[in-house]
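Observations on chain architecture
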Amino acid sequence: MASVLGISGLYHDAAAALVIDGTIIAAMQQERFSRVKHDRALPKDAALSCLRFAGIAPEALDAVIYYEQPFQKLERVLVSTLRGFPQSFRQFPRAMRAQLADKLWVLDAISETLNVPRRRVRAVGHHESHAASAFFPSPYERAAVLTLDGVGEDTTTALWFGNGNTLTPIASTAWPQSLGLFYAAMTAWSGFEVLEGECKLMGLAAFGQPIHREELGRVLLLHETGEFELTLSFFDRFTDTELGFGKRLEQLLGERRDPLIPWDLTTPRDQHYANVAATVQCITEEAVLGLARRASRETGACNLCLAGGIALNAVANARLAKESGFDRIFVQPAAGDAGGALGAAILGSIALGDRRPSAMTSAALGLTASASDTVDLCKHLGLSARRVSDPAESAASLLSENKVVGFVQGRFEFGPRALGHRSIIASPETIAIRDRINSVVKQREPFRPFAPAILADSCSQYFDTEPSDMTAFMTTVASVHASVPTPIDAVLHCDGTARIQTVTADAASGLEAVLRARVRRGEAPILLNTSLNGRNEPIVGSAIDAILFFLAHRVDALIVEDVLVERQT
Amino acid sequence: MAFHPLLAQLHARSIARRPKAAARALARFAKAERGSMLTLIWAATHVDSPERRATYLEQAYEEQRHGRMFSKRAAELNGYASSEPSVNTDAEDLFIALGEIRMLAFLYRGEHRAVVEFSGYRDAFRKAGDAKTAALFAEIVEEERHHQEYPLELIQSLTNDPRAVTRASRYVAAWEAWRTMRRLGQFMAGLLYTGGMTCLYALLLPLSLWVRWVRPEVRGLVLAREWSRNDRSQERG
């Protein structure tokens, strides 16, 4: 019977998660409080919010677990920069400063910040945290676990076997052999920001043909054993840690794309980048597939759990589901570094004798937005707000009029996806609505699709898949039937796929109610669902954030719990 | 925006006819506006009064809008019509650092500086014939004037003390001077550190040779000992 707080931070996507008596109570990212996207700071606000939500004081915590071993990380950074002598001369002072300034002392900093005795603050391994965040909240008793990211302490890729309350390491790959490094470098080469642009590269891939296999096959070698090997001379990990790729890669594929030029896929220039993106996607899928098959051979398990930044590649996950041989696959919605906080908390909880958590059915692990705060704020800002008896019916009515609605219900989500708690929703029928959302809010590149949310029991009417452990969290894609009951052009990618979310009352009761209301009105059980944030902004958390969003972006209406805020024309 | 007004005017004149330099300056302003926006959002989160919360939120929205306007114009001056690059900034939670009254005094001082400096930029761009950038500054200056006025009124109403504004302003002026000193100190320490570490790095040549020998890079998957010993046979079986 223990209360354990997990912490991830100081790199990107800092987060905190609270597990009490083996139950996941709360998990939140710092960016939702600081309003700094991918905030790296020690997540004090997120941690204290988790504790406030549970109604416990920091002193009552039995353990606080950090998601990475600071001294092992320092060792890897030292060894890595020394191996790169003398090219690493510029990186060395920066890397040492980053380690010695705060990362090495992070356990003391956590103790001081949260006022928890230092002896209760411990650390676990980065990939172990990832693996725990994927396996223990999964619905499986036994599973192979695959963790893939840029780098943890020294590990970039790891296979695990999860069985009940235990996780056993099988094999791992060490830095700098990293799929994360490869994907990040290709993201940067394509003119996107690392951490922000990976899903853009995935979206762009559908517009190209994988015709650069020969070139990229020299960059990332795939072996029959499931292993992969980067040709490191194409990467510049010592002198340019922001971009990651080297001059040789530019000689191979051409110059990096200028990030500021607007995209135009009708030009040969941008079509070239699309073709490279398609090849990168294809090779990444094959690398992940090789590792998954290896995990299957090693463990004999029927189920697979995935975590780490690469696990957010929904297209690769769909291919895994089809070709890896596993019966079921689970990707925890906060598969990136934020999820490490959850894994650390669960590991701490199990170490103190608690059972593993029950299967995760909803990502809504944050705080609620206050309806009364919304009313008060609207009153003082001169916005038109009123309480409605049935928010779902009001939302459905607005959607029928082709309105774009900000939708805030219940606790905010953990992870990068808005799953109906902090969403922009709209009717999915026409391209025009997608273009409108792009022009007034998202300002996305033209190749980036929006996602559909559909009632789980109607999924097979539109898509060639049944609801699965991944569709609930929008971590996979599915092909759309050639003939569907109603048009869904706004959520259809150019390759005929969509990153679907199947909605149940357990996972997102507010969104489910809207979909049911649409059905009652004789409309399709599907809608466009995208995150409630503008370009380069974190997803909305509180009522204050929601109102600021409404002021800044011309959506037609905002629903916060039972408060309807409408724009006056 | 921490320039002396005279320096700001000189700077404005020097960049007004050079689009790339102007774009860089506007990008810096976008960053500063975004910092102000975060400060005000945090203030809105901390304060209990719905009225003041709304006031801070409204200004946060305007600062956000200013940031976007600067970013957009910077992109245009760089020759890109529609790009709006992401802007990251360092911001401080002044509500926590200073308290609400002094934060308001800080806002007043910051907005006052912005009005003076942006007016200089407006005039410089107007003289240089860049009507679009001049109009952008003119619009922002008008809104900053309002931002400059309300903090003083709010301090008066919160304290009921006619001397509170003066006291808070003096404190904030001293705090800003101390912050500038600290930043200068950090900058100097950073230079010393980088120099020292670079020297240390040069001395690490023998160690680097040893590391390459004893810790070579490993490729492929390395099986864990725990797995080889215990689990593999059981699972296979």
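Residues numbered from 1 in each chain as written. Chains lettered and ligands numbered in written order. Predicted model: local features only at pLDDT ≥ 70, side-chain atom pairs only at ≥ 80, totals over all residues. Heavy atoms only, no water.

So, on to the overall build of chain B. Assigned secondary structure in chain B consists of nine helices and one strand. If you list the helices and strands of chain B from N to C, you get α-α-α-α-α-α-α-α-β-α. Out of the 237 residues in chain B, the part that is buried amounts to 44%. By sequence separation, contacts in chain B at least 24 residues apart represent 77% of the contacts at least 6 residues apart. Accessible area for chain B stands at about 12,900 Å²; split by element, carbon and sulfur atoms hold 58% of it. (Helix = DSSP H or I, 4+ residues; strand = E, 2+ residues; numbered from the N terminus. Buried < 20%, exposed > 50% of the residue type's maximum accessible area, 1.4 Å probe, protein only. Contact = heavy atoms within 4.5 Å. Areas by Shrake-Rupley, 256 points an atom, 1.4 Å probe, with all protein chains shown as cover.)

Right, let's talk about the overall build of chain A for a bit. Helix and strand content of chain A: 19 helices and 24 strands. Relative to a compact globule of 569 residues, whose C-alpha radius of gyration would be 25 Å, chain A shows 23 Å and is just as compact. Principal-axis analysis of the C-alpha atoms places the extent of chain A at approximately 65 × 60 × 45 Å. When the 569 residues of chain A are sorted by exposure, 64% land in the buried category. Here the contacts in chain A between residues at least 6 apart in sequence split such that 71% fall between residues at least 24 apart. (Rg over C-alpha atoms; globule rule 2.2 N^0.38 Å.)

Residue and element names in this part refer to chain A. In this structure, the amide linkage connecting Phe85 to the following residue, Pro86, adopts the cis form with an omega of 5°. Each neighbour pair has its own omega, and for Trp175 with Pro176 the value is 5°, a cis peptide bond. For Pro176, the position within the fold is in the loop between strand E8 (166-174) and helix H7 (179-189). Backbone geometry places Asp13, a non-glycine residue, at a positive phi of 55°. Tracing the sequence through the fold places Asp13 in the loop between strand E1 (3-8) and strand E2 (15-20). Looking at Asp13, the relative accessible area reads 13%, which means it is buried. You will see that Met474, though not glycine, has its phi angle at about 60°, which is positive. With respect to the helices and strands, the residue Met474 is situated in the loop between helix H17 (459-462) and strand E19 (478-479). On the basis of relative accessibility, which here comes to 3%, the residue Met474 falls in the buried class.

Many descriptions give the size of an interface as the accessible area lost when the pieces come together. Residue and element names in this part refer to chain A. According to the domain assignment, chain A consists of domain 1 (3-133 + 335-351), domain 2 (179-331) and domain 3 (371-566). If you look at the interface, domain 1 gives 16 residues, while domain 3 gives 13 residues. Taken together, both faces of the contact between domain 1 and domain 3 bury some 1,200 Å²; the carbon and sulfur share is 57%. Of all residues in domain 1, Arg32, Arg35 and Lys37 give up the largest surface area on contact with domain 3, accounting jointly for 55% of the area buried on that side. Applying the counting criterion to the domain 1 and domain 3 interface returns one salt bridge. Arg35 is the partner of Asp545 in a salt bridge, and the nearest nitrogen-oxygen pair spans 3.4 Å. (Domains from an automatic or database assignment. Buried area = accessible area lost by both parts, 1.4 Å probe. Salt bridge = Lys/Arg side-chain N within 4 Å of Asp/Glu carboxyl O.)

All names here are of chain A. One open sheet holds the eight strands; their spatial order is E14-E24-E23-E15-E17-E22-E18-E21, and the pairing between them is mixed. Single-partner strands in this sheet number two, and they are strand E14 (384-387) and strand E21 (501-503). Along the sheet, successive strands turn relative to each other by an average axial angle of 30°, direction set aside. Pairing between strand E18 (residues 451-455) and E21: three bridges, direction parallel. Following the sheet pairing, Ala453 is matched in E21 by Gln501. (Pairing = 2+ DSSP bridges. Axes fitted to C-alpha atoms, helices over the stretch in contact; angles between N-to-C directions.)

Moving on to the pattern of salt bridges. Evaluated as defined, the whole model comprises 44 salt bridges over all chains. A salt bridge links A:Glu31 to A:Arg32; the nearest nitrogen and oxygen atoms lie 3.3 Å apart. The same class applies to A:Glu31 and to A:Arg32, which are both buried. Two residues, A:Arg294 and A:Glu227, come together in a salt bridge whose shortest N-O distance is 4.0 Å. Of this pair, A:Arg294 sits in helix H11 (residues 268-299) while A:Glu227 sits in the loop between strand E9 (220-222) and strand E10 (228-230); the two residues are 67 residues apart in sequence, bridging distant segments of the chain. The residues A:Arg294 and A:Glu227 share a single accessibility class, namely buried. Here the residues in one salt-bridge network are B:Arg73, B:Glu76, B:Asp130 and B:Lys132, joined through shared partners.

On to helix H6 (residues 126-135) of chain A. Residues and elements named next belong to chain A. The buried count for H6 comes to nine of 10 residues, which makes it a mostly enclosed element. Along H6, the positions that sit buried rather than exposed are His126, His127, Ser129, His130, Ala131, Ala132, Ser133, Ala134 and Phe135. Residues of H6 that are buried in the fold lie against strand E6 (142-148), strand E7 (155-163), E8, strand E11 (303-307), strand E12 (328-331) and helix H13 (337-351).

Below, the discussion takes up the nonpolar core. Buried together is how nonpolar side chains tend to be arranged in soluble globular proteins. One finds A:Leu383, A:Phe463, A:Ile547, A:Leu558, B:Tyr56, B:Met103 and B:Leu104 to be the most contacted residues of the largest nonpolar core, which totals 72 residues. With eight residues, the single largest contributor to this core is helix H19 (residues 543-552) of chain A. Apart from residues lying up to four places away in sequence, B:Met103 is in contact with B:Ala43, B:Tyr56, B:Leu94, B:Phe95 and B:Leu98. (Core = buried A, V, L, I, M, F, W, Y, C linked by side-chain atoms within 4.5 Å.)

What follows is about the sheet that holds E2(A). Residues and elements named next belong to chain A. The five strands are arranged E3-E2-E1-E4-E5 in an open sheet whose pairing can be described as mixed. What marks the edges here is a single partner per strand, and that holds for strand E3 (23-29) and strand E5 (121-123). When the angles between neighbouring strand axes are averaged without regard to direction, this sheet yields 20°. Relative to E3, E2 is paired through six bridges, and the arrangement is antiparallel. Bridge assignment links Ala16 to a residue of E3, and that residue is Met28.

In this section: the interface of chain A and chain B. Contacts between the two partners involve 62 residues from chain A, matched on the other side by 52 residues from chain B. For the pair chain A and chain B, the two sides together bury roughly 5,300 Å², of which 59% comes from carbon and sulfur. When the buried area of chain A at its contact with chain B is split by residue, A:Arg83, A:Phe85 and A:Leu260 rank highest and sum to 14% of it. Summed over the shared surface of chain A and chain B, the result is four salt bridges. Its salt-bridge partner being B:Arg215, residue A:Glu75 comes within 2.7 Å of it at the nearest N-O pair. Summed over the shared surface of chain A and chain B, the number is 17 residue pairs in polar contact (both at pLDDT 80 or more). Listed by contribution, the elements that provide at least two residues to the side of chain A that touches chain B are helix H1 (31-34), helix H3 (70-83), helix H4 (91-101), E7, E8, H11, helix H14 (371-381) and H19 of chain A. When residues of the side of chain A that touches chain B are assigned to their parent elements, the largest contribution, seven residues, is made by E8(A). When the residues that make up the side of chain A that touches chain B are grouped by side-chain class, the tally is 30 nonpolar, 15 polar and 17 charged. Bridging between E8(A) and strand E1 (residues 222-223) of chain B involves two bridges; their strand directions are antiparallel. Across the sheet, residue A:Ser172 finds its bridge partner in E1(B), namely B:Val222. (Polar contact = N/O pair within 3.5 Å; in protein donor to acceptor, adjacent residues only side chain to side chain. Nonpolar A, V, L, I, M, F, W, Y, C, P; charged D, E, K, R; others polar.)

Another point: the packing of H3(A) against helix H8 (residues 205-214) of chain B. At a minimum axis separation of 8 Å, H3(A) and H8(B) run at an interaxial angle of 105°. When the interaxial angle is binned, H3(A) and H8(B) end up roughly perpendicular. The segment H3(A) lies against H8(B), with A:Val79, A:Leu82 and A:Arg83 engaging B:Leu207, B:Ser208, B:Val211 and B:Arg212. Grouping the amino acids of the contact of H3(A) with H8(B) by side-chain chemistry returns four nonpolar, one polar and two charged. (Parallel < 35°, antiparallel > 145°, perpendicular 65-115°, else oblique.)

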